[in-house]
Amino acid sequence: MRRAAIGAALLLVVSATSAHASVEAGETLFKARGCGGCHKVNGQGGAIGPDLSNEAAKGHDREWHIKHFLDPSGVTPGSMMPRMVKTREEAGDLADYVMSLGATETAPAPEAPAPAPEEKTEAAPAREAAPAGEAAPAAPPAPPKAVVEAAPPPPAAAPAPAPVSEPSAEPSAERGQALFRKKGCTGCHSIRGQGGSIGPDLTFEGEVAGHDADWQRRHLADPRAVTPGSTMPPFRLSEAETADLIAFLTGLKHRPEDRALSAEAKERFTALGERLEALKARVARAHAKGRNVDDLNVELSAARTRVTTVDEMIRTGNVVGAEDEIKAAEGIAQKLTEQLQAFDAQLRDRVSMAGIVVAGLLFGSFVITRKVRLLVREWDAAEGEREARRARGRKGPAPSEAKQTPPPEVPEATKETSEAPPEPPEEDA
Ligand code: HEC
Ligand code: HEC
């Protein structure tokens, strides 16, 4: 009994740790295979497939996930999710991972190998048997291809993606472009700035040496057979779809406007160069006036780097993205201009503040000087009068006083001046 209990506990611990390990393995696979090209997890990833952030709550059990990973459209008719796993073990790790998403803790229940649901029982073993052989993981392309080709077309009830795939029509780059979106290629590939970045940018795929129609056909049918280790999934494509995609891919080339800037862009680029030169001078002036210009210089050199990039693009005759660079540099120039204007305004405020203080001081001292002078003059005048009265009272100047008393005209003169407006304060300034 006791031993059984310990054994059970041990088993629980072991299975819990191994479940955890497989969640980690699944997460690693999820990243390595580029599932994020089509699925968002916690805000990261593409939007072609459902958001998986809360996959635990969807209620699919482990077996459902494994079957789905091994044969997406077998489980979800019409699914454009490609088969991206090699073995049942990988599918199991991925199942553990996606079932942990959004769950507080992975429930141990799904470990029980529930018998496969009725729906696809006949098809499932065959599909699982093929890739389960782990003998050759390095050369896995064959099984998926075989599976894909052997699989019957999705039932008619499925959301009909078929009409495009009618054969006999001439290959059309336009239909190819629509397919490119519909099949989820955009989840991993960018064209002219639109799309994911798990796979290479395909803007000029039609000019890549060696990537002719034949290469594209082989690559689409089985990416790993052409590019060993490729994480691009093999797609279930009809002959007509393949032809349309090839027409689209081989037509992805430079356009005339990719080789040289438009007249309008050229003008803007020239103006930008001049503006940055002017800004450089203004930054130097701001520096001379005491501003710390480290931040401005960082911005300035970021803008100049973009200008250099565009210069290089023009030189090499490939100006794709040049307008974005110009726009970004213009944005920086605008920001710099505003920062310099703010500094100038600050400086002006400081100068006018200082002006007001100086003017206030000058005015104050002028008023005081004037007041003192007036007082002195008034006092002088009063004293003069008193002297005169005293002199008149005595009727004869005393020799001693005569020396001190100024001549009679002086008081008058002083009086006049004291009534006159004050002299300009120039001498004080
Ligand atoms: C090219 C786009 C694409 C890629 C790549 C892709 N998926 Fe999907 N996935 C889909 C689409 C579309 C669906 C919805 C149809 C379906 O269920 O098959 C889906 C459905 C799913 C579901 C079921 C969601 C639900 O609850 O309905 C899971 C889980 C899933 N994908 C996981 C993965 C994993 C793991 C990988 C990488 C091995 C992957 N997907 C790669 C497009 C993609
Ligand atoms: C899950 C991500 C993913 C999806 C979805 C995907 N690709 Fe890819 N693709 C890649 C990766 C990774 C490479 C680089 C390895 C290789 O060449 O296979 C690549 C390479 C390519 C290349 C060769 C690019 C070059 O110049 O080297 C072409 C062309 C291409 N993919 C077309 C497509 C088309 C068309 C689709 C849709 C039917 C598609 N891809 C869907 C990941 C993806």
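Residues numbered from 1 in each chain as written. Chains lettered and ligands numbered in written order. Predicted model: local features only at pLDDT ≥ 70, side-chain atom pairs only at ≥ 80, totals over all residues.

A. Representation of the overall build of the protein within the structure. Tallying secondary structure elements over the protein gives 16 helices and four strands in all. Per-residue burial over the protein gives 23% buried out of 429 residues. Sequence-distant contacts, at least 24 apart, represent 69% of the contacts inside the protein between residues at least 6 apart. (Helix = DSSP H or I, 4+ residues; strand = E, 2+ residues; numbered from the N terminus. Buried ≥ 20, exposed ≤ 12 C-beta atoms within 10 Å, placed from the backbone. Contact = placed C-beta atoms within 7 Å.)

B. Quick look at the site of ligand 2. Around ligand 2 sit 27 residues in total, of which C185, C188, G199, S230 and M232 are the nearest. Breaking the shell around ligand 2 down by element, the ones donating at least two residues are helix 8 (213-221) and helix 10 (239-250). Along the lines of polarity and charge, the residues of the shell around ligand 2 split into 13 nonpolar, 12 polar and two charged. (Near = placed C-beta within 6 Å. Nonpolar A, V, L, I, M, F, W, Y, C, P; charged D, E, K, R; others polar.)

C. Seen up close, the site of ligand 1. In the region of ligand 1, 27 residues are neighbours, and C35, C38, G49, S79 and G184 sit closest. Class assignment of the residues belonging to the shell around ligand 1 gives a composition of 15 nonpolar, nine polar and three charged. When residues of the shell around ligand 1 are assigned to domains, at least three fall in each of domain 1 (12-150) and domain 2 (167-253). (Domains from an automatic or database assignment.)

D. View of the environment of L249. Relative to the assigned elements, L249 resides in helix 10. In this structure L249 comes out as buried when scored by C-beta crowding, with 25 C-beta atoms within 10 Å. Considered as a pair, L249 and E207 are 42 residues apart in the sequence and their alpha carbons are 9.6 Å apart.

E. Structural detail: the confidence of the model for the protein. With 72% of its residues at a pLDDT of at least 70, the protein reaches an overall mean of 78. Below pLDDT 50 for its whole length, residues 105-166 participates in 72 contacts with residues either more than four positions away or in separate chains. Below a pLDDT of 50 lies the segment residues 413-419, which in the model reaches 10 contacts outside its immediate sequence neighbourhood of four places, other chains included. (pLDDT = per-residue confidence, 0-100.)

F. Geometry of the environment of S79. Secondary-structure assignment places S79 in the loop between helix 3 (72-75) and helix 4 (88-100). Note: C-alpha distance between S79 and K183 (104 residues apart in sequence) is 9.6 Å. Excluding its chain neighbours within four sequence positions, the residues that come into contact with S79 are P72 and S73.

G. Structural view of unusual backbone geometry. Positive phi is not limited to glycine here, since N42 has a value of about 50°. Mapping N42 onto the fold places it in the loop between strand 1 (40-41) and strand 2 (44-45).

H. Summary view of the nonpolar core. One finds F69, V85, A91, L94, A95 and V98 to be the most contacted residues of the largest nonpolar core, which totals 21 residues. Sorting the residues of this core by element identifies helix 1 (2-32), helix 2 (62-70) and helix 4 as the ones contributing at least two each. At six residues, the largest contribution of residues to this core is made by helix 4. With residues up to four places along the chain from it excluded, the contact list for A91 reads I66, F69, L70 and V85. By size, the runner-up hydrophobic cluster in this structure holds 16 residues, among which are I198, F235, I246 and L249. (Core = buried A, V, L, I, M, F, W, Y, C linked by C-beta atoms within 7 Å.)

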